[in-house]
Amino acid sequence: MVRHTEWDDELSKDTKQRRNNRKHRKVSADQAHLDNESSEFIKSLNSSKGSEWMSEKKYKRMFTEIEEGLSGVLGDGPFEWVDRRVFDAVFDRLTLMSLYKLMKSGAIDTLDFPIARGKEAHVFHGTGEFGPVAVKIFHTSNAVFKNLIQYIEGDPRFGGLKRRHRDLVDIWVRKEFRNLSRLAKWGLSVPKPIGVHKNVLVMEYLGTAEAPSPRLRDVKVLNPEVVYDDLVEFLAVTWQKAKMVHGDFSPYNIMWHDDKPIVIDVGQSVVQSHPKSQEFLVRDATRLVEWANKNGLDVTLAETMYDILEMDLSHISIAEEE
Ligand SMILES: Nc1ncnc2c1ncn2[C@@H]1O[C@H](COP(=O)(O)OP(=O)(O)OP(=O)(O)O)[C@@H](O)[C@H]1O
Ligand SMILES: [Mg+2]
């Protein structure tokens, strides 16, 4: 159940405010620009705007709630939010808001400890209504982008780019969520998607209370034939039934959980109508053949491709309508 909160109102007020600010900025843009480019830039770096909002009264209750949920990650006791000044506090604010939303909806109760840091995201162990969850929090900016954005955002002629970058990240995360849902509906072995809000994705957790399950690349399996067959079928059902292709299929993106392979990281997966879907399929199959050969199996790309495309899957039906 999603509870409507004051925070929703705060958000929409906020958006309006930002729009007004932007309008206002446009009028005086050229003037301000001519006035002093560098002083604007330095001011923006020094400005306390990044963390000031955290001490505002209206957010206090929200923080208390988030604090309770995040105490595992942050250590024991109340957390001094105001001391936690980060360069891109603006992004953090929206991430916290997303976590708050997901806590309200029941998808997340607590965020406990970090599991992994990838190129695009941090993954945390958490708990939700029905047990442990994995929470993938996507970076809303990368080092390169951060480096560039400081020269762009401070220039009044090019405001608003931060938002647009965030929008792209949000779309990417929703795409990963939808891809997981579609694959899960065909009964494929992926973590069950649980919730999504902006740059935060919540899914079924694969692992024990102490640590996540290893990746396929980190284990030596006893029965590579069975695993290979499983994975060929995964690719076949994904292609023939779900009409999709993973796109980054590799032992790095397959977890070894309860003695079975479970495929993760489906943000880049595309539907068959994508112009590069066939190219991606061949690449995915190639990775699988490489893994199989390394594990002593004598299979070729041609055979594997044939199986993926021609395997009889008439017994497989959708688990649930999309
Ligand atoms: N559902 C899950 N349960 C447990 N651990 C997970 C889960 N999903 C991801 N992880 C862990 O987080 C790591 C990164 O996840 P994922 O590959 O989805 O993110 P990524 O940002 O694309 O990472 P990379 O850039 O390394 O590919 C995984 O290798 C795995 O260790
Ligand atoms: Mg990955």
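Definitions and cut-offs
Residues numbered from 1 in each chain as written. Chains lettered and ligands numbered in written order. Predicted model: local features only at pLDDT ≥ 70, side-chain atom pairs only at ≥ 80, totals over all residues. Heavy atoms only, no water. Helix = DSSP H or I, 4+ residues; strand = E, 2+ residues; numbered from the N terminus. Contact = heavy atoms within 4.5 Å. Pairing = 2+ DSSP bridges. Axes fitted to C-alpha atoms, helices over the stretch in contact; angles between N-to-C directions. Phe/Tyr/Trp six-rings, centres within 6.5 Å; stacked < 30°, edge-to-face > 60°. Buried < 20%, exposed > 50% of the residue type's maximum accessible area, 1.4 Å probe, protein only. Donors = N, O, S within 2.8 Å, 3.2 Å for Na, K, Ca; no water. Polar contact = N/O pair within 3.5 Å; in protein donor to acceptor, adjacent residues only side chain to side chain. Patch = residues over 30% accessible without salt bridge, like charges linked within 9 Å, V, L, I, M, F, W, Y side chains within 5 Å. Areas by Shrake-Rupley, 256 points an atom, 1.4 Å probe, with all protein chains shown as cover. Salt bridge = Lys/Arg side-chain N within 4 Å of Asp/Glu carboxyl O. Lys, Arg positive; Asp, Glu negative; His and termini not counted. Charge placed at Lys NZ, Arg CZ, Asp CG, Glu CD. Parallel < 35°, antiparallel > 145°, perpendicular 65-115°, else oblique. Left-handed = near helix turned anticlockwise from the far one by under 90°. Nonpolar A, V, L, I, M, F, W, Y, C, P; charged D, E, K, R; others polar. Core = buried A, V, L, I, M, F, W, Y, C linked by side-chain atoms within 4.5 Å. Domains from an automatic or database assignment.

Now for the side chain of Ser277. Mapped onto the fold, Ser277 is located in helix 10 (residues 277–294). Contact partners of Ser277, with chain neighbours within four places excluded, come to Trp239, Val245, Val270, Val271 and Gln272.

Here the focus is the sheet that holds strand 2 (residues 121–128). Judged by pairing direction, the sheet is antiparallel, and its five strands sit side by side in the order 1-2-3-5-4 without closing on themselves. Each of the sheet's edge strands pairs with one partner strand only, and the pair in question is strand 1 (110–117) and strand 4 (193–197). Averaged over all pairs of adjacent strands, the angle between their axes in this sheet comes to 25°, without regard to strand direction. Bridge analysis of strand 3 (residues 131–138) against strand 5 (residues 200–204) gives five bridges, and the strand direction is antiparallel. Looking at the pairing, Ile137 lines up with Val200 of strand 5.

Turning our attention to the packing of aromatic side chains. Under the definition given, this model contains one aromatic pair. Consider the rings of Phe234 and Phe249, whose centres lie 5.9 Å apart with planes at 25°: the pair is stacked. Of this pair, Phe234 sits in helix 9 (residues 224–241) while Phe249 sits in the loop between strand 6 (244–245) and strand 7 (254–257), placing them 15 residues apart in sequence. Given the relative accessible area of 5%, Phe234 is considered buried. Phe249 sits in the buried class, given a relative accessible area of 2%.

Only Asn253 (OD1) and Asp265 (OD) from the protein reach the magnesium ion (ligand 2) as donors, at distances of 2.1 to 2.3 Å. Taken together, the residues span a long stretch of sequence, with Asn253 in the loop between strand 6 and strand 7 and Asp265 in the loop between strand 8 (260–263) and strand 9 (270–271) at a distance of 12 residues. For the pair shown, Asn253 and Asp265 are each scored as buried.

With that settled, consider the environment of Thr110. As for its position among the elements, Thr110 is in strand 1. C-alpha separation for the pair Thr110 and Pro132, spaced 22 residues apart in sequence, amounts to 9.3 Å. Of the polar contacts made by the side chain of Thr110, one reaches the side chain of Asp112; its length is 2.8 Å.

Residues Glu225, Asp229, Asp230, Glu233, Asp298, Glu303 and Asp307 make up a contiguous surface patch of negative charge. Looking at the negative patch, the element that brings in the most residues is helix 9, giving four residues. As for its placement among the helices and strands, Glu225 is situated in helix 9.

Further remarks concern the pattern of salt bridges. Summed over all chains, the structure comprises five salt bridges. The salt bridge partner of Lys136 is Asp265, with a shortest N-O separation of 3.3 Å. Of this pair, Lys136 sits in strand 3 while Asp265 sits in the loop between strand 8 and strand 9, and the two are 129 residues apart along the sequence. Using a relative accessible area of 17% as the deciding quantity, one classes Asp265 as buried. Between Glu290 and Arg287 there is a salt bridge, with the nearest N and O atoms lying 3.2 Å from each other.

Moving on, we get to the packing of helix 10 against helix 11 (residues 301–310). Interhelical geometry of helix 10 versus helix 11 gives an angle of 125° and a closest axis separation of 9 Å. Between helix 10 and helix 11, the interaxial angle falls into the category oblique. Relative to helix 11, helix 10 is oriented so that their crossing is right-handed. Contacts between helix 10 and helix 11 involve Leu281, Val282, Ala285, Thr286, Leu288 and Val289 from the former and Leu301, Thr304, Met305, Ile308 and Leu309 from the latter. Residue composition of the contact of helix 10 with helix 11, grouped by class: nine nonpolar, two polar and no charged.

With that out of the way, let us pick up the packing of helix 9 against helix 10. The N-to-C vectors of helix 9 and helix 10 enclose an angle of 175°; their axes lie 10 Å apart at closest approach. Overall, the two elements helix 9 and helix 10 adopt an arrangement that is roughly antiparallel. Of the residues in helix 10, those in contact with Pro224, Val227, Tyr228, Leu231, Val232, Leu235 and Trp239 of helix 9 are Ser277, Gln278, Leu281, Asp284, Ala285, Leu288, Trp291 and Ala292. Residue classes in the contact of helix 9 with helix 10 are distributed as 12 nonpolar, two polar and one charged.

Here the focus is the nonpolar core. Tyr228, Leu231, Phe249, Leu288, Trp291 and Ile308 are the most contacted members of the largest nonpolar core, which totals 48 residues. The element contributing the most residues to this core is helix 9, with nine residues. In terms of domain composition, this core takes at least three residues from each of domain 1 (29–204) and domain 2 (216–310). Leaving out residues up to four positions away in the same chain, Trp291 has contacts with Leu216, Val221, Pro224, Val227, Tyr228 and Pro251. Leu96, Met103, Ala107 and Leu111 belong to the second-largest nonpolar core, a separate cluster that totals 13 residues.

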